[in-house]
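One letter stands for each residue in the lines below.
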Amino acid sequence: MQNLMPKIISLAKRRGFIFPSSEIYGGFGSCYDFGPLGVEMKNNIKKAWWDEMTKNQENIVGLDAAILMSPKVWQASGHLTAGFADELVECKSCHKRFRTDEIGRGRASASCPECGGELTEPRKFNLMMRTFVGPVENEAALTYLRAETCQGIYMNYENVLNSMRLKIPFGMAQIGKVFRNEITTKNFVFRIREFEQMEMEWFCRPKEAEKYFDFWKKERLNWYLNLGLKKENLREREVSEKELPHYSIRTVDIEYKFPFGWGELEAINNRGDWDLSNHSKCSGKDLRYVDEEKKKKYFLYIVETSGGIDRVFLALLCDAYQEIKGGRTKTTKPTKEVEILLKLDKRIAPIKVAVLPLVRNKPKIVKKAREVYQLLKPHFFCQYDELGSIGRRYRRQDEIATIFCLTVDFESLKQEDLTIRYRDTMKQERVKIKDLPWHIKKLMCGI
Ligand code: GAP
């Protein structure tokens, strides 16, 4: 679809999914806030991932480690050195900085994309965000906001192993905020400075790492397909040796075809023993695993699945967005040239049920509709809406992906039933009010 990104950005703001941070002060450094529908949708993505990666697994446990850690963690992980840095050039005229991989600096002719000025030689720019802990702002108080959640997992490797009596292979999963001082931030929430990751670290014997790498790569791709992303918009990309992150032996990116081109959603990394051996060396703590079966002590290998929630959020919005010229309703006259339908998976849609009184000037209908709303609210995320014509309200709900619209009408007062309308098919049927919680639960679970 042409110009999809501006449409997504506009919908996100208009309907309360995503707002620019500190907007009344002109925004702030490519940070974004998730609005009332955005936070709900984001929580749904996280829940779908958490259920899949912990609840549905026998040998993966969860964790929630602190964002702030000893700076020694980042020294040992290699994030403070050149490995975790972007190569940048600066314009000698306007002093803007650009990533060399984005402006094709390899070519001698490359000049400033903004003003055409001469560019400096490339230099490395570290992405870690610095902060100070305690009352004095000096080098001794310096630490960093975490740049990947998995370091918190490695810090707790022994604690979790011992407290949960885990046997290899096993995994640890975590969701959390991550900070990177990105130089070029663009494409809405695709590349931002504060974002959320969902990471799972799989600990296994070195010889089995490749086998599990292939296993998790397949599982993760299937997860995206299962969430409803179109097959033709997903692909795997083997990351070349030159591009490999400093900690990785092998990386395959799961990419999505965004309106601005293919972009990484999730990285599958074989991190080998990089993390455990470096942390062992730097901390002096022996993090080798005692393999009772093999009668050996060695460092486990780590296969990592590392996804970005904000990017998945954006991909889901882009994939679900549809415009229907002339509208979908054939029985009534469409009020708009183009109707928007957001066909999100039912687990991901922020609002599951909208309760709509047919008219708002009949107290008995309004009362009944409010009763239905109160009945369903404890079970599903619901919205009550009485403003505007019923057709207009259906379209408003379609635009935010609401799965079911329930309309309370005059018949409802006599029959104790109402009309349920399904978002995707627009099919309508009568259901008894008392049966609604169970009926909708069954529909949500697909039984
Ligand atoms: N622990 C491995 C790791 O952090 P990564 O490829 O640097 O790997 C993993 O990041 C995921 O985090 C990416 O696939 C992407 O979805 C997300 N991500 C990375 N940088 C991001 C940014 N600046 N804005 C939004 N998401 C980002």
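A brief report on the enclosed structure follows. (Residues numbered from 1 in each chain as written. Predicted model: local features only at pLDDT ≥ 70, side-chain atom pairs only at ≥ 80, totals over all residues. Heavy atoms only, no water.)

### Considering the overall build of the protein
Tallying secondary structure elements over the protein gives 13 helices and 23 strands in all. Contacts in the protein between residues far apart in sequence, at least 24 positions, make up 63% of those at least 6 positions apart. Separation of charge centres in the protein, based on 77 positive and 62 negative side chains, amounts to 5 Å. (Helix = DSSP H or I, 4+ residues; strand = E, 2+ residues; numbered from the N terminus. Contact = heavy atoms within 4.5 Å. Lys, Arg positive; Asp, Glu negative; His and termini not counted. Charge placed at Lys NZ, Arg CZ, Asp CG, Glu CD.)

### Some details on the side chain of Thr-407
Relative to the elements of secondary structure, Thr-407 occurs in strand E21 (residues 404-408). According to the relative accessible area criterion, Thr-407 is buried, its value standing at 4%. There is a polar contact of 2.9 Å between the side chain of Thr-407 and the side chain of Tyr-394. (Buried < 20%, exposed > 50% of the residue type's maximum accessible area, 1.4 Å probe, protein only. Polar contact = N/O pair within 3.5 Å; in protein donor to acceptor, adjacent residues only side chain to side chain.)

### Here we look at the nonpolar core
Core analysis: the largest hydrophobic core is formed by 85 residues, its most contacted members being Leu-406 and Ile-440. For Leu-406, the residues in contact, after removing those within four places along its chain, are Val-353, Ala-354, Val-355, Leu-356, Val-372, Leu-376, Leu-418, Thr-419, Ile-420, Leu-436 and Ile-440. With 21 residues, the next largest nonpolar core counts Leu-63, Tyr-157, Leu-300 and Ile-302 among its residues. (Core = buried A, V, L, I, M, F, W, Y, C linked by side-chain atoms within 4.5 Å.)

### Considering the side chain of Arg-99
Structurally, Arg-99 can be placed in strand E5 (residues 97-99). Classification of Arg-99 by relative accessible area gives buried; the value is 9%. For Arg-99, the contacting residues outside a window of four places in its chain are Asp-86, Glu-87, Leu-88, Glu-182, Thr-184 and Arg-191.

### Considering the pairing of strand E10 (residues 194-204)
Burial analysis of E10 places 10 of its 11 residues in the buried class, which makes it a mostly covered element. Direction of pairing for strand E9 (residues 170-179) relative to E10: antiparallel, over a ladder of 10 bridges. In the strand pairing of E10, Val-178 is matched with Phe-195. For E10 and strand E16 (residues 301-308), the ladder comprises eight bridges, and the chain directions are antiparallel. Bridge assignment links Gln-197 to a residue of E16, and that residue is Gly-308. (Pairing = 2+ DSSP bridges.)

### Some points on the pattern of salt bridges
The final tally for this structure, using the stated rule, is 50 salt bridges. Among the ionic pairs, Glu-208 bridges to Lys-211, the shortest N-O distance being 3.8 Å. Here the residues in one salt-bridge network are Arg-235, Arg-237, Glu-243, Asp-253 and Glu-255, joined through shared partners. (Salt bridge = Lys/Arg side-chain N within 4 Å of Asp/Glu carboxyl O.)

### Some details on the sheet that holds strand E13 (residues 261-272)
Read from one edge to the other, the open sheet built from seven strands follows the order E3-E9-E10-E16-E13-E12-E11, with strand pairing classed as mixed. Two strands lie at the open edges of the sheet, namely strand E3 (60-63) and strand E11 (234-238), each paired on one side alone. Pairwise comparison of adjacent strand axes, ignoring direction, gives a mean angle of 25 degrees for this sheet. The strands touched by helix H8 (residues 274-283) within the sheet are E10, E13 and E16, with E13 carrying the most contacts at an inclination of about 55 degrees. (Axes fitted to C-alpha atoms, helices over the stretch in contact; angles between N-to-C directions.)

### What to know about the site of the ligand
Neighbouring the ligand are 22 residues; Glu-148, Ile-192, Glu-199, Glu-264 and Leu-265 lie closest to it. Here Arg-180 contributes a side-chain N or O atom positioned 2.8 Å from an oxygen atom of the ligand. The separation between an oxygen atom of the ligand and a polar main-chain atom of Leu-265 is 2.8 Å. Contributing elements (two or more residues each) for the shell around the ligand: E10, E13 and E16. Examining the composition of the shell around the ligand, we find that six residues originate from one element, E13, more than from any other. Across the shell around the ligand, the residue classes tally to seven nonpolar, five polar and 10 charged. (Near = heavy atom within 4 Å. Nonpolar A, V, L, I, M, F, W, Y, C, P; charged D, E, K, R; others polar.)

### Some thoughts on unusual backbone geometry
That bond from Ile-168 to Pro-169 is cis: its omega, -10 degrees, falls within 30 degrees of zero. Tracing the chain through its elements places Pro-169 in the loop between helix H6 (157-164) and E9. One non-glycine residue, Phe-188, adopts positive backbone phi at about 60 degrees. By the secondary structure assignment, Phe-188 is in the loop between E9 and E10. Its identity is not glycine, yet Glu-416 carries a phi of approximately 55 degrees, on the positive side. Judged by relative accessible area, which is 37%, Glu-416 ranks as partly exposed.

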